[in-house]
Amino acid sequence: MRPLRVGISLGLLIVLGLAATIVFRFFVINYVTIPQDGMFPGLPAGSRVFTLRRPYQSVNDVKRGDVVVFTRDVGGSTYKYIWRVVGLPGDLVEVSNEAASLNWHALKHETVRKEGQYLIVREWNGDVSYEIAYNQMLDRSEPPPIASMRVPGDHLFLLGDNRYMAEDSTFIGPVPFASIVEKKIF
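Quick look at the structure, then.

Cut-off values and rules
Residues numbered from 1 in each chain as written. Predicted model: local features only at pLDDT ≥ 70, side-chain atom pairs only at ≥ 80, totals over all residues. Heavy atoms only, no water. Helix = DSSP H or I, 4+ residues; strand = E, 2+ residues; numbered from the N terminus. Contact = heavy atoms within 4.5 Å. Areas by Shrake-Rupley, 256 points an atom, 1.4 Å probe, with all protein chains shown as cover. Salt bridge = Lys/Arg side-chain N within 4 Å of Asp/Glu carboxyl O. Buried < 20%, exposed > 50% of the residue type's maximum accessible area, 1.4 Å probe, protein only. Patch = residues over 30% accessible without salt bridge, like charges linked within 9 Å, V, L, I, M, F, W, Y side chains within 5 Å. Core = buried A, V, L, I, M, F, W, Y, C linked by side-chain atoms within 4.5 Å. Pairing = 2+ DSSP bridges. Axes fitted to C-alpha atoms, helices over the stretch in contact; angles between N-to-C directions. Phe/Tyr/Trp six-rings, centres within 6.5 Å; stacked < 30°, edge-to-face > 60°. Lys NZ or Arg CZ within 6 Å of the ring centre and 35° of its normal.

### Structural notes on the overall build of the protein
So, step 1. When its secondary structure is counted, the protein shows 2 helices and 14 strands.
So, step 2. Of the contacts formed within the protein by residues at least 6 apart in sequence, a portion of 54% connects residues at least 24 apart.
So, step 3. Accessible surface, the protein: about 10700 Å² in total, of which carbon and sulfur atoms supply 59%.

This is how it looks when you write it as structure tokens:
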């Protein structure tokens, strides 16, 4: 009789553990595969990261440098994108070629290395730093877009780390806070 109780208890623990894992996976943590190179060099295509679902209570919880997943409707379909937060509500953001500024202060850049056709640069945005890439082999007949805007309330200015290869806020404008669904945690 005793081995039967142990077996039932063990089975119940396994079922409860699996149920807790499933709930945790679908409501708290997500595992995302990066589909393209818009976040190269830190997150090249094929990278896998863990994200926290519903990471913010309000736009005031978002920090510059956070890497967020947001949804966007394109042609009647909803897609997920992953970009880095550069500007918060009220910030004046200017992006032109390889220069970016925030509230009239240029974001500090330091060349780190050359990697194939990419120039890899460390960028500082306040206390946060990260690597970004500039494709040096692009056809320069069509220059990258220039952005100059004050970020509206409840919106964020997001940039891909692969600055010439990301359809980010320089193309689509500021992103509504309500469309942020996840935040990269590691």
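### Some remarks on the pattern of salt bridges
So, step 1. Enumeration according to the criterion identifies 8 salt bridges in this entry.
So, step 2. Its salt-bridge partner being Arg64, residue Asp91 comes within 2.7 Å of it at the nearest N-O pair. Note that Asp91 is positioned in the loop between β4 (77–87) and β5 (92–96) and Arg64 in the loop between β2 (48–53) and β3 (67–74), a separation of 27 residues in sequence.
So, step 3. Asp91 sits in the buried class, given a relative accessible area of 6%.
So, step 4. Between Glu167 and Arg72 there is a salt bridge whose closest N-O contact spans 3.4 Å. Within this pair, whereas Glu167 is found in the loop between β12 (155–159) and α2 (169–172), its partner Arg72 is found in strand β3, the two being separated by 95 residues in sequence.
So, step 5. Salt bridges sharing partners connect three or more residues here, namely Arg113, Glu115, Arg122 and Glu131.

### Focus on a nonpolar patch on the surface
So, step 1. On the surface, Tyr31, Phe50, Ile185 and Phe186 cluster together into a nonpolar patch covering about 380 Å² of accessible area.
So, step 2. As for its placement among the helices and strands, Phe186 is situated in the segment after β14 (180–184).
So, step 3. Given a relative accessible area of 57%, Phe186 falls into the exposed group.

### Some words on the nonpolar core
So, step 1. Ranked by internal contacts, the top residues of the largest apolar core, which has 23 residues, are Val62, Phe70, Trp83, Val85, Leu156, Leu158 and Ile180.
So, step 2. Looking at this core, the elements that each hand over two or more residues are β3, β4 and β12.
So, step 3. Discounting chain neighbours no more than four positions away, the residues touching Val62 are Tyr56, Val85, Leu88, Leu156 and Phe177.
So, step 4. Counting 16 residues, the second-largest nonpolar core is a separate cluster that includes Ala100, Leu119, Ala147 and Leu159.

### Structural notes on the sheet that holds strand β8 (residues 108–115)
So, step 1. Spatially, the 3 strands line up as an open sheet ordered β8-β9-β10, and their pairing is antiparallel. This sheet does not close on itself; its edge strands, each paired only once, are β8 and β10 (128–135). Adjacent strand axes in the sheet meet at a mean angle of 25°, parallel and antiparallel pairs treated alike.

### With respect to the packing of aromatic side chains
So, step 1. Throughout the structure, instances matching the rule amount to 6 aromatic pairs.
So, step 2. Each ring, one from Tyr31 and one from Phe50, has its centre 4.9 Å from the other, and the planes form 50°; the classification is tilted. Placement of Tyr31 in strand β1 (residues 29–33) and of Phe50 in strand β2 is noted, with a sequence separation of 19 residues between them.
So, step 3. Given the relative accessible area of 40%, Tyr31 is considered partly exposed.
So, step 4. Judged by its relative accessible area of 30%, Phe50 is partly exposed.
So, step 5. Put simply, the rings of Phe70, Tyr81 and Trp83 touch in pairs and so form one group of aromatic residues.
So, step 6. Its end group placed over the ring of Tyr130, Arg84 keeps NZ or CZ at 4.0 Å from the ring centre.
So, step 7. The side chain of Lys108 reaches across the aromatic face of Trp124, ending 4.4 Å from its centre.

### Things to note about the environment of Lys63
So, step 1. Locating Lys63 in the fold gives a position in the loop between β2 and β3.
So, step 2. For the pair formed by Lys63 and Arg84, sequence separation is 21 residues and the distance between their alpha carbons is 9.9 Å.

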